[in-house]
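# Observations on the model geometry
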Amino acid sequence: MNSALWAAQLTLAAVFTLSGAAKLTMSRQRLLDTGQTGVAMFPIPVVRFTAAMELLAAVGLLASTLTGIGQILTPWPEPECAR
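Every value quoted in this text rests on a predicted model; they were computed, and no experiment measured them.

What follows concerns the overall build of the chain. A count of helices and strands for the chain gives three helices and zero strands. Its helices and strands in sequence order give the chain the pattern α-α-α, from N to C terminus. Buried positions account for 19% of the 83 residues belonging to the chain. Residue pairs in contact within the chain that sit at least 24 positions apart in sequence constitute 61% of those at least 6 positions apart. On the chain, roughly 5700 Å² of surface is accessible, and the fraction owed to carbon and sulfur atoms is 71%.

Where helix α1 (residues 2–25) meets helix α3 (residues 44–67), the axes come as close as 8 Å, and the angle between the chain directions of the two elements is 155°. Comparing their axes, α3 and α1 come out roughly antiparallel. Pair α1 / α3 crosses with left-handed handedness. The class makeup of the residues in the contact of α1 with α3 is 14 nonpolar, seven polar and three charged.

A few words on α1. Compared with the 34 Å implied by 1.5 Å per residue over 24 residues, the 34 Å span of α1 between its first and last C-alpha is a close match. Where α1 is concerned, the buried positions are Leu5, Gln9, Ala13, Ser19, Gly20, Ala22 and Lys23. Elements that come into contact with the buried residues of α1 comprise α2 (28–33) and α3.

Right, let's talk about the environment of Leu56 for a bit. Mapped onto the secondary structure, Leu56 falls in helix α3. For the pair Leu56 and Ala13, spaced 43 residues apart in the sequence, the C-alpha separation amounts to 9.6 Å.

About the cut-offs
Residues numbered from 1 in each chain as written. Predicted model: local features only at pLDDT ≥ 70, side-chain atom pairs only at ≥ 80, totals over all residues. Heavy atoms only, no water. Helix = DSSP H or I, 4+ residues; strand = E, 2+ residues; numbered from the N terminus. Buried < 20%, exposed > 50% of the residue type's maximum accessible area, 1.4 Å probe, protein only. Contact = heavy atoms within 4.5 Å. Areas by Shrake-Rupley, 256 points an atom, 1.4 Å probe, with all protein chains shown as cover. Axes fitted to C-alpha atoms, helices over the stretch in contact; angles between N-to-C directions. Parallel < 35°, antiparallel > 145°, perpendicular 65-115°, else oblique. Left-handed = near helix turned anticlockwise from the far one by under 90°. Nonpolar A, V, L, I, M, F, W, Y, C, P; charged D, E, K, R; others polar. Expected span 1.5 Å × (residues − 1).

This is a description of form; function is not addressed.
Here's what the structure looks like:
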């Protein structure tokens, strides 16, 4: 179960990182050209703030286990019958 959790966390962290990095570095027109049409209705400071929060979310998904702080928050408890 923990390996499935790690796979999901790493995948989600990668998606957040790629999306956040794209929104943080690309211009509005480039984002629209690459298919991220959701940024069209928001001012660019809101898009940049969202990008920064996506990058923080990627760090937050992995930080507790990598640093050893709050590891109880990361794994899902196994059912009693599996032990």
